[in-house]
Structures are given as C-alpha cells and as structure tokens.
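As a plain string of letters, each chain reads:
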Amino acid sequence: SKFVKDKMSLQRTLRRFTNRAAVLAATGTGIYFFDLWINDDMDSFTDKFRTRMSEAERAKRPRVVILGSGWAALSMVRKLHTDKFRVTVVSPRNYFLFTPLLAGTTTGTVELRSIVEPIRKYCHRSDASDIDFLEAECTSVDAASQKITCKDMSVVKGKVNEFDLEYDHLVVAVGADNATFNIPGVREHACFMKEIEDARILRDRILDCFETASYPGQPLSEVQRLLHFVVVGGGPAGVEFTAELSDFLHSDLVEAFPHLAKEVKVTVVEALPHILNVFDAKVIEFAEKRFSSNPNVEILTKTAVTEVRASDISVKTPSGDKKDIPYGVLVWVTGNAPRRITQSLMQQGGAPQDCRRGLVVDEFFRVKGIQNVWALGDCTCTKVPATAQVASQEGRYLGSLFNSVQASLDDDTNNKLRGLPSATLEAALKTSPIFNYKHFGSFAYIGDRRAVAEFKGENTHTSTGVLTFFLWRSVYLSKLLSAKNRMLVGFDWLKTRMFGRDVSRA
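Residues numbered from 1 in each chain as written. Predicted model: local features only at pLDDT ≥ 70, side-chain atom pairs only at ≥ 80, totals over all residues. Heavy atoms only, no water.

Caption draft 1: Fine view of the state of the cysteines. Considering all chains together, one arrives at 1 disulfide under this definition. One disulfide bridge connects C355 with C381, the sulfur atoms lying 2.0 Å from each other. Taking the torsion about the sulfur-sulfur bond, which here is approximately 70°, the covalent link between C355 and C381 counts as right-handed. Here C381 lies in strand β23 (residues 380-381) and C355 lies in the loop between α11 (340-349) and β21 (359-360), a separation of 26 residues in the sequence. Across this residue pair, the class does not change: C355 and C381 are buried. Left unpaired, C150 is separated from the closest cysteine sulfur, that of C138, by 5.0 Å. Residue class for C150 comes out buried when judged on its relative accessible area of 0%. Distance from the sulfur of C379, which forms no disulfide, to the nearest cysteine sulfur (C381) is 11 Å. (Disulfide = S-S within 2.5 Å. Helix = DSSP H or I, 4+ residues; strand = E, 2+ residues; numbered from the N terminus. Buried < 20%, exposed > 50% of the residue type's maximum accessible area, 1.4 Å probe, protein only.)

See below:
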C-alpha cells in the first residue's frame, strides 16, 4: 500500500541521515583529536579527567611564578598540572599574541583581534581557577630571598601599584627586546615590529605618509621621501613585512592613490650577504629573484646602518662609502637583545652568565648560578634559534618536567620550610629526559601569494611558490590556539581577498 511505501521511504531517509550524521560526527571528532595531537595539546582533554587536589592540599604545594605571556610561558601553563602547584603568572600584557601573523596586521590583511587570546582564559582548568594572573611588570628579582618586585605599568593606577611576590620556583619567559646595536637614533626614530602597539603605529604611519604626500604643491623630492619605506633587517620578519607592504601597495594603496603609485619604493637593508640567511641557498635565490623582479623593491645587502635621523639614515655600503637614504617610515627588525630584568639576572648569576644574548641555562632550563630560577624562550642563550616554534616546545617540555618531578619539588619545598637540605630534585632530574628540539620546518611569506619553506632532517627539503603559500597559511591556521582565532583569521583572509584592505586611519 501507499502507506507502507511511504513508511519504508521515510525509514531509508532516516537511515541515510543517521549514517551521514555519524560520518560527520566521526570526522569532526577525528579532526579534533588530530588537532590536539599535532599541536601536542592532548593535556587539554585528559586534564578534564585528572583527580584534582583540594585547596587545603594545594596550599602546601610549591609556589611557581611565571614571568611572561608569550609562546614559552603560555605553552608551559597549558602543559602544567596547575592544580598541583600554586601558580601565578605575571605579565604587563593580559593576552597572548600569535606573532607569526603580526606582519599581516600592519597592512590590514589580518585584524589584530584575530591573533590575540586572553591569558585569563587559560587560568581556568576543568571549570576551576588554578592560576592567579597579575597584569604587572617584574622590575627586579631578589634571588637570595626568592622574591620578585612587580610594578603596574598601565595607565590606570590604584593606591597599590607596586608589590612583592615570593616564589619557590621562578620561570623567566619575558621574551626579548629589539636589538639596536647602540646605533644613534634608532630608539627615537625607528618603528619596531614586536608588539600590538608596534603594528598599530606602523599601519598608521604608512597611511599617514600617503595622505601627507598627496597634499597639493608637495615637492616631488618630499613625495619620494615620504613614500620611501626602509626596512632594516633581512631575516624572516623583515622579509614578511616587506612582502605584506608590497601587497598592500600594489593591491590597495595604488587604487586609493593612483597619482602616487610610481613614486612608491621599498628598500630592505641587510648587513649580511643575503636576505633570509637562515634558509637554504635555493630558498634565498628564489626569494631574491622575486623581490628583484619587483620594480618598487630594492635589496641592499652587505650594507650596515651607522646612524638614524628623523628623515634619513646613514649607511656604510659594501665599498666602504657612506651614503644617506631618506625615508618616510623606517622599520627596524634586526633581532633580539635581552630585556632589563634579564640583564639584572645575568649580573646576579655571576661567572656562569657569560653570554650577551641572554640567560645561560642547563639542559633542564635552570639558570646557571641562580638557585630555583628557570628560563625559557628568547630570553635565554641556547644553541637553538629564537623562534616561536622553539619557545613553544621549550614551554611544553618544562611543563611536563614539572609534572614528572612534582613530588620532588614538594619534598624540596617542605625540607626548606623545616630547614633541611634540599636534594630531592637533583636526584629526580638525573633520571629525567633532557630537552630535544624537533624542527618541523621554517616558512616565510615573500608576497604576491608566494611563500618559501625549508624542512630540515637527514636531508634538507625546500618548497617555493603558490602551493607553498597555501601550505604556509594552512600550517599557521592550525597553530592558532583556538577555533575562534582560526575562524577570525580565515574570515580576514577571505575578506581581504574579496574586498581588499581598509585604507582608513580609523
């Protein structure tokens, strides 16, 4: 009958729907766990099933103070069994910044809000607040009494704007400052590219130069100066900013300021013989050819900056001659230098602290010469490069190490309170694995939807071109910390592709 046929048809439809729903659910679950595995973040799932300590038990646990909110600090926080310690995070910024995409925010390819995550989000684990966060800057460390002094660096201040914190173990992950090499005028006149404020300033100045250059009666020489963008530093950060700026100029600013297009120029100044010198020779050759084919971009290698002034810089050319280069915006991306707090600890460490780049640490990231102080990321002096990939792995390693030697840390803390010698940790570390960095590849965007990549192992493999560009985007998208950030960044890329970048100074 028709009723029976309709019933059977409905059942088949329901079965198909159920099967498809099951496949989608299984696929989604698989993607979720694959993402956790590939980013070494399975702890965020297993953490929900751990037996938690009571507040009374935690009160007797070691006090772990972590300085910083970057790659190393946050990676350690995410890995650490925070209910087994009394953890406090101190940082002058209350967010994590996904620095590999920072260059894109200077031109509007990506919005700044899309690449930040609030630190307080990670202070809550398994529906409980395990971590105290304090938005302040550590200004001094008293290693002898195991105490730090912190100061409020924000605009709004209360009656208390400076305080002390005691610790049993201090983890220094404050990152690094911009290296200026004591060249006169750099701090006063150059723009940097490390923080959110740097990106905001850069974007505003780029657009300001175009608006000022468009004034009626502006002399041609002044127009050419205003529209000359000089990038000092040919490493990955400098090259990616140059690429983003070149895209911005050719895709958006040329349409908004067509009468100024032919006067725009970007110059990269690099003291070494090549840009991207940490990459394979094939990658360097490809990148340099791409930039040399762009009539608006000039690469000056073997050229050192000697002085910076308000509207021009002095450089020493390969022949040894001095040359002045006028600019509208000067971007300084030449590497890292230790921050003041790092320098203070280096002095306290004495003879073992014999490296100018940062804190000397042992194979477990303990600062040499200072007891119960550990250091991670760009503030350290190690054999591995100062990259986000390295800092992230170091943070996860130290978090896992603290988890594995937690009982020893407890014993040492309790022995210290009783006035007894503390040697339990030393014994535990002798059987603990040391840090082993795994390099998963290096990427750099070089503009016009082209990227370069290098994968080192037993053999070095390189990749260049459009396909590498999509690989670069896919990898960075997968490394963003949350689904929210991935959706926002993906939407930003789509929006830029469809509608272009915003050229307003709002």
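Caption draft 2: Just a nonpolar patch on the surface, in detail. There is a patch of nonpolar side chains on the surface, built from F491, L494, M498 and F499 and spanning about 500 Å² of accessible area. Turning to its location among the elements, L494 is positioned in helix α16 (residues 483-499). (Patch = residues over 30% accessible without salt bridge, like charges linked within 9 Å, V, L, I, M, F, W, Y side chains within 5 Å. Areas by Shrake-Rupley, 256 points an atom, 1.4 Å probe, with all protein chains shown as cover. Salt bridge = Lys/Arg side-chain N within 4 Å of Asp/Glu carboxyl O.)

Caption draft 3: Geometry of a positive patch on the surface. On the surface, R12, R15, R16 and R20 cluster together to form a positively charged patch. Assignment of secondary structure puts R12 in helix α1 (residues 2-38). (Lys, Arg positive; Asp, Glu negative; His and termini not counted. Charge placed at Lys NZ, Arg CZ, Asp CG, Glu CD.)

Caption draft 4: Representation of the packing of aromatic side chains in the model. Following the criterion strictly, the structure yields 17 aromatic pairs and no others. When the centroid spacing of 6.4 Å and the interplanar angle of 65° are considered together, the rings of F443 and Y476 count as edge-to-face. Taken together, the residues F443 in strand β24 (residues 442-447) and Y476 in helix α15 (residues 466-479) connect sequence positions 33 residues apart. The buried category is assigned to Y476, whose relative accessible area is 14%. Through a chain of ring-to-ring contacts, the aromatic side chains of W71, F96, F98, F443, Y445, F455, F469, F470, W472 and Y476 assemble into a single cluster. (Phe/Tyr/Trp six-rings, centres within 6.5 Å; stacked < 30°, edge-to-face > 60°.)

Caption draft 5: View of empty space enclosed by the protein. The tally for this structure, following the rule as stated, stands at 2 cavities of 30 Å³ or more. The volume enclosed by the largest cavity comes to roughly 60 Å³. Lining the largest cavity are P100, L101, A103, G104, T109, V110, E240, E244, Y445, W472 and W493. Secondary structure elements with two or more residues in the lining of the largest cavity: α5 (102-105) and α9 (236-256). Here the lining of the largest cavity is built from residues that sort into 7 nonpolar, 2 polar and 2 charged. (1 Å grid on protein atoms, 1.4 Å probe; cavity = no way out; pocket = protein on both sides within 12 Å on 5 of 7 lines; lining within 4 Å. Points joined across faces, edges and corners; volume = space filled by probe spheres on them. Nonpolar A, V, L, I, M, F, W, Y, C, P; charged D, E, K, R; others polar.)

Caption draft 6: Representation of the layout of surface pockets within the structure. Quantified by volume, the second largest pocket comes out at close to 540 Å³. Along the walls of the second largest pocket sit 25 residues, with D247, S251, Y445, D448 and R449 positioned nearest its centre. Elements supplying a minimum of two residues to the lining of the second largest pocket: α9, α10 (281-292), β24, α15 and α16. Counting residues per element, the lining of the second largest pocket draws most heavily on α9, at 6 residues. Residues of the lining of the second largest pocket, tallied by class, amount to 7 nonpolar, 9 polar and 9 charged.

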